[in-house]
Amino acid sequence: MTARPMPQPKPKGQPWNWPARFWAKVDGGEDWNHERCWLWRASRARDGYGHIRLEGRFRMAHRLAYEFLRDQVPEGMQLDHTCRVKRCVNPWHCEIVTAAENCRRRSRHVRLDRAAA
Ligand SMILES: [Zn+2]
């Protein structure tokens, strides 16, 4: 297990190491605070997650944000939103999980939602 590279240092507030075109589609508030949800304002896939067309193919917005500001997401792994907000692309609200774990969590949340209804 190797240590994760630290996120790139950023000038105060702005996640600048991605084309402005990407961040222009995100509402990060005034300060890009890690605590709040950064809401995707552009198009969304049928499953509700934000996506963007890059080099001819659609990429998931939260995954791109995670890879740029935090770390690579290994092949076959998925990102789970710990905040449960599908439009959120804040990489500090996402956790790398296996597909099986993500599926398990999702069914647990569905059960919780039903119980709350
Ligand atoms: Zn969030």
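### A closer look at helix α2 (residues 61-69)
Piece 1. By the burial criterion, the buried members of α2 are A61, H62, A65 and Y66. Angular distribution of buried residues about the axis of α2 spans 135°; they occupy a single face of the element.
Piece 2. Of the surrounding secondary structure, the elements contacted by the buried residues of α2 are β2 (39-40), β3 (51-54), β4 (57-60), β5 (77-81) and β6 (94-98).

### Looking at the pairing of β4
Piece 1. Where β3 meets β4, 4 bridges bridge the pair, whose relative direction is antiparallel. Each residue of the ladder has a partner; that of L54, found in β4, is R57.
Piece 2. The loop that links β3 with its antiparallel partner β4 comprises 2 residues; one of these, E55, has a positive phi angle of about 50°.

### Describing the environment of W40
Piece 1. Inspection of the secondary structure puts W40 in strand β2.
Piece 2. Between the C-alpha atoms of W40 and C88, which are 48 residues apart in sequence, the distance is 6.1 Å.
Piece 3. With residues near it in sequence (within four places) discarded, W40 still touches K25, V26, G50, A61, R87 and V89.

### Things to note about the confidence of the model for the protein
Piece 1. Summing up the model confidence of the protein, the mean pLDDT is 83 and the portion of residues at 70 or higher is 79%.
Piece 2. Within the protein, β2 carries the highest mean pLDDT (97), whereas helix α3 (residues 99-116) carries the lowest (79).
Piece 3. Confidence drops under pLDDT 50 across residues 6-14; counting only partners more than four residues distant or on other chains, this segment forms 9 contacts.

### Examining the nonpolar core
Piece 1. Counting residues in each nonpolar core, the largest one holds 10 residues, listed as V26, W38, W40, A61, A65, Y66, L79, C88, V89 and C94.
Piece 2. When residues of this core are assigned to their parent elements, the largest contribution, 3 residues, is made by α2.
Piece 3. In this structure, W38 is in contact with V26, D27, G28, C88, V89 and N90, ignoring residues within four places of it in sequence.

### Observations concerning unusual backbone geometry
Piece 1. Although it is not a glycine, W32 sits at a positive phi angle of roughly 50°.
Piece 2. The topology assignment puts W32 in the loop between β1 (26-27) and β2.

### Let's talk about the environment of M77
Piece 1. Along the chain, the position of M77 falls in strand β5.
Piece 2. Linking M77 and I96, residues 19 residues apart in sequence, is a C-alpha distance of 6.6 Å.
Piece 3. M77 has contacts with I96, V97 and T98, leaving out every residue within four places of it along the chain.

Reading the values: rules and limits
Residues numbered from 1 in each chain as written. Predicted model: local features only at pLDDT ≥ 70, side-chain atom pairs only at ≥ 80, totals over all residues. Buried ≥ 20, exposed ≤ 12 C-beta atoms within 10 Å, placed from the backbone. Helix = DSSP H or I, 4+ residues; strand = E, 2+ residues; numbered from the N terminus. Arc of directions from axis to C-beta. Contact = placed C-beta atoms within 7 Å. Pairing = 2+ DSSP bridges. pLDDT = per-residue confidence, 0-100. Core = buried A, V, L, I, M, F, W, Y, C linked by C-beta atoms within 7 Å.

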